[in-house]
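# Architecture at a glance
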Amino acid sequence: MKPFLLQQLERYAFRLAELDFLLSREDIMGDMKQFLTLSREHTEVAAIAGRFARWQQRQADLTTAQEMLSGSADDADMLAMAQEEIDAAQTECTELEAELQRMLLPKDPDDKRNAFMEIRAGTGGDESALFAADLLRMYTRYCERQGWKTEIMSESSSELGGYKEVVLRIEGADVYGKLRYESGGHRVQRVPATETQGRIHTSACTVAVLPEPDEAVAITINPADLRIDTYRASGAGGQHINKTDSAVRITHIPTGIVAECQDDRSQHRNKAKAMQVLSARIVERERSAQAAKDAAMRKGLIGSGDRSDRIRTYNFPQGRLTDHRINLTLYKLALIMEGDLGDVVQALQQAREAEQLEELEVGSAR
């Protein structure tokens, strides 16, 4: 294990002893707020310290087995037993080291949150809108595999059955953490259904993934800064469509950010949903501004997820998906378009973890 990681882990062992002492004090037990804060920290620190203690134990077991191996040259049974213990200890130590590295990485509290996903057609006209529908299907299928719930918040359909824009709410465990790197430009290369001469066309869509704001710490929006318009919903939806002004569009006047919802029959519920999306977009605007400042200081491997970046190409004639940020190429595009995104998501997370680990090492060397 790298020296800087050992230094970090040894601090956790010391901190655990401090927390054990603090949580036993009567004055802290009498202060519920402080007690809960320290208890939460104790849970996190104990998990890391516990895995570190196990790693230390297995390292000691490994040393003992290696000594046994070198001192049992004439005993075949002892040699076999020592080698078996060495193999087992080395395997577990490697697994524990990887686990401890992940546990030490800084956590983004938004990673566990639900998310809004916005898919917009870009260059390519009708073909781009059809590709937006394909992306929606791909992500919806992936969400089903993860056991997440999805809900279309708003949609703007194109004439050929695609989407000019669609906003999806995704609810489940670690949604934003797994989907955050989907933000950016998605390019498709294929022969459109409307192409009569078999020529390959290139079109694009943009995807933006926004964490759902925490209602407990939601941003404060001045009602005077909002313009709320109601209109009749369009598209499939039953007899109520086009009979009542149930759809809602909210504009945040200072920023020009707009959110709308026409999914529900109730104007009140549509307004509440549109406010959720609006809040997420305002928070994302602030996040993007901060990310731009950070990017000026450091260019990240995954990048800020800015939706102007071209992050991925879907080449249908070759059955190929390429993620340009991490030079990942997979030749199973048909499966991916059916929601088999696990390899892509995992590769992006691992790339980010490797980058964070490098940052951690550089920071500890200063």
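Scroll up a little and you will see the structure.
Read on for a plain summary of the structure.

Conventions and cut-offs
Residues numbered from 1 in each chain as written. Predicted model: local features only at pLDDT ≥ 70, side-chain atom pairs only at ≥ 80, totals over all residues. Heavy atoms only, no water. Pairing = 2+ DSSP bridges. Helix = DSSP H or I, 4+ residues; strand = E, 2+ residues; numbered from the N terminus. Axes fitted to C-alpha atoms, helices over the stretch in contact; angles between N-to-C directions. Contact = heavy atoms within 4.5 Å. Salt bridge = Lys/Arg side-chain N within 4 Å of Asp/Glu carboxyl O. Expected span 1.5 Å × (residues − 1). Buried < 20%, exposed > 50% of the residue type's maximum accessible area, 1.4 Å probe, protein only. Core = buried A, V, L, I, M, F, W, Y, C linked by side-chain atoms within 4.5 Å. Polar contact = N/O pair within 3.5 Å; in protein donor to acceptor, adjacent residues only side chain to side chain. Phe/Tyr/Trp six-rings, centres within 6.5 Å; stacked < 30°, edge-to-face > 60°. Lys NZ or Arg CZ within 6 Å of the ring centre and 35° of its normal.

Attention shifts here to the sheet that holds strand β5 (residues 201-211). Note on sheets: strands pair through backbone hydrogen bonds, and any given pair is parallel or antiparallel. Read across the sheet, eight strands follow the order β2-β3-β1-β5-β4-β9-β10-β11 without closing on themselves; strand pairing throughout is mixed. Of all the strands in the sheet, the pair left with one neighbour each is β2 (149-157) and β11 (328-330). Pairwise comparison of adjacent strand axes, ignoring direction, gives a mean angle of 15 degrees for this sheet. Relative to β5, strand β1 (residues 115-121) is paired through seven bridges, and the arrangement is antiparallel. By the bridge assignment, R120 is partnered in β5 with T206. Contacting β1, β2, β3 (163-171), β4 (184-190), β5 and β9 (310-315), helix α5 (residues 125-146) runs over the sheet at an angle of about 110 degrees to β4.

A few words now on the pattern of salt bridges. Applying the stated rule across the entire model yields 30 salt bridges. The salt bridge involving R15 is made with E41; its shortest N-O contact spans 2.8 Å. Residue R15 is located in helix α1 (residues 3-22), and its partner E41 is located in helix α3 (residues 32-70); the two are separated by 26 residues in the primary sequence. One salt bridge connects R190 with D134, and the closest N-O pair in it is separated by 2.8 Å. Of this pair, R190 sits in strand β4 while D134 sits in helix α5, and the two are 56 residues apart along the sequence. One continuous salt-bridge network, built from bridges that share partners, spans R54, R58, D61, E85 and E92.

Along its 29 residues, helix α4 (residues 76-104) runs 42 Å from first to last C-alpha, staying within 8% of the 42 Å computed at 1.5 Å per residue. Those residues of α4 that sit buried are A82, I86, A89, E92, C93, L96, L100 and L104.

It is worth spelling out the sheet that holds strand β6 (residues 226-231) at this point. Strand order in the open sheet formed by three strands is β6-β7-β8, and the pairing between neighbours is antiparallel. With one partner strand each, in any of the chains shown, β6 and β8 (257-261) form the two edges of the open sheet. For this sheet the average axis-to-axis angle between neighbouring strands, irrespective of direction, equals 15 degrees.

With that out of the way, let us pick up the nonpolar core. Among the nonpolar cores identified, the biggest contains 37 residues, and M117, I119, L135, Y139 and Y314 are the most heavily contacted of them. Every element with two or more residues in this core is listed here: β1, α5, β3, α6 (175-179), β5, β11, α8 (333-337) and α9 (342-365). Ranked by residues supplied to this core, first place goes to α5 with nine residues. When near neighbours in sequence (up to four residues on either side) are disregarded, M117 contacts Y139, V166, V167, L168, I170, L179, V207, A208 and V209. If you look at the next biggest cluster of nonpolar residues, it comprises 17 residues, including V167, V277, A280 and I282.

Turning next to the environment of Y231. With respect to the element layout, Y231 can be found in strand β6. Taking the C-alpha atoms as reference points, Y231 and V248, 17 residues apart in sequence, are found 6.5 Å from one another. One polar contact links Y231 to E260, side chain to side chain, over a distance of 3.1 Å.

Along the chain, S183 falls in the loop between α6 and β4. Classification of S183 as buried rests on a relative accessible area of 6%. Among the polar contacts made by the side chain of S183, one reaches the main-chain amide nitrogen of V209 at a distance of 2.8 Å.

Take the packing of aromatic side chains next. Taken as a whole and assessed by the stated rule, the structure comprises three aromatic pairs. A ring pair is formed by F52 and W55, whose centres lie 6.0 Å apart and whose planes are at 15 degrees; its orientation type is stacked. Of the two residues, F52 and W55 both sit in helix α3, three residues apart, roughly one turn of that helix. Taken individually, F52 and W55 each receive the classification buried, so the pair is uniform in this respect. Centre to centre, the rings of Y142 and W148 are 5.8 Å apart; their planes meet at 85 degrees, and the pair counts as edge-to-face. In this arrangement the basic side chain of R190 is found over the ring face of F316, its NZ or CZ atom lying 4.9 Å from the centre.

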